[in-house]
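# Overview (structure and organization)
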Amino acid sequence: MMLNSDGTKPIYIQIAEWLENEILSENILEDGKIYSQYQLADMFNINPATAAKGLNLLAEESILYKKRGLGMFVSTNAKEIILNKRKNQTLKNLVSEIVIEAERLKISEEELVKMIKEANRDRRSR
């Protein structure tokens, strides 16, 4: 994965999202040890404090838990937490933005639903 240092999304958020994706794709399993801040810093050529901030964000959300002296591990229900978070925050925000833009462009709800279905079909046919 490449980090976007020129974007508006902070690096530590990108690190956290990458780790979430690794958990969702089961590259890192429940109760599995997660990369240390130093490993992440080395992998992405970033400051260890930035990597630690991404790890701590996931710990605050109960996606990761700390074992004193051993590091951080993936919580048993991490996948469910990530899915709920993305559905209830990320996806709802994106849908809201799309609805607002559709209203600006005078696109009806039916047209918008049709566009979503077409995009879904196109994605599946790839």
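Since this is a predicted model, take the numbers as computed values, not measurements.

## Comments concerning the layout of surface pockets
- A volume near 300 Å³ is recorded for the largest pocket.
- At the level of secondary structure, the elements contributing two or more residues to the lining of the largest pocket comprise α1 (11–24) and α4 (78–104).
- Considering only residue class, the lining of the largest pocket consists of three nonpolar, four polar and six charged.
- Taken as a whole, the second largest pocket encloses approximately 160 Å³ of empty space.

## Topic: unusual backbone geometry
- Its identity as a non-glycine residue notwithstanding, Glu 26 has a phi of 65 degrees, on the positive side.
- Mapped onto the elements, Glu 26 comes out in the loop between α1 and α2 (37–44).
- At Lys 106, a residue that is not glycine, the phi angle is positive and equals roughly 60 degrees.
- Within the secondary structure layout, Lys 106 lies in the loop between α4 and α5 (109–125).

## Examining the packing of aromatic side chains
- Overall, the coordinates contain three aromatic pairs when judged by the stated rule.
- Each ring, one from Trp 18 and one from Phe 44, has its centre 5.2 Å from the other, and the planes form 80 degrees; the classification is edge-to-face. Placement of Trp 18 in helix α1 and of Phe 44 in helix α2 is noted, with a sequence separation of 26 residues between them.
- Overall, the relative accessible area of 11% leaves Trp 18 in the buried class.
- Overall, Phe 44 belongs to the buried group, its relative accessible area being 14%.
- Aromatic pair Tyr 65 and Phe 73: ring centres 5.9 Å apart, planes at 25 degrees, arrangement stacked.
- Members of the aromatic cluster, connected to one another through ring pairs, are Trp 18, Tyr 35 and Phe 44.

Thresholds applied
- Residues numbered from 1 in each chain as written.
- Predicted model: local features only at pLDDT ≥ 70, side-chain atom pairs only at ≥ 80, totals over all residues.
- Heavy atoms only, no water.
- 1 Å grid on protein atoms, 1.4 Å probe; cavity = no way out; pocket = protein on both sides within 12 Å on 5 of 7 lines; lining within 4 Å.
- Points joined across faces, edges and corners; volume = space filled by probe spheres on them.
- Helix = DSSP H or I, 4+ residues; strand = E, 2+ residues; numbered from the N terminus.
- Nonpolar A, V, L, I, M, F, W, Y, C, P; charged D, E, K, R; others polar.
- Phe/Tyr/Trp six-rings, centres within 6.5 Å; stacked < 30°, edge-to-face > 60°.
- Buried < 20%, exposed > 50% of the residue type's maximum accessible area, 1.4 Å probe, protein only.

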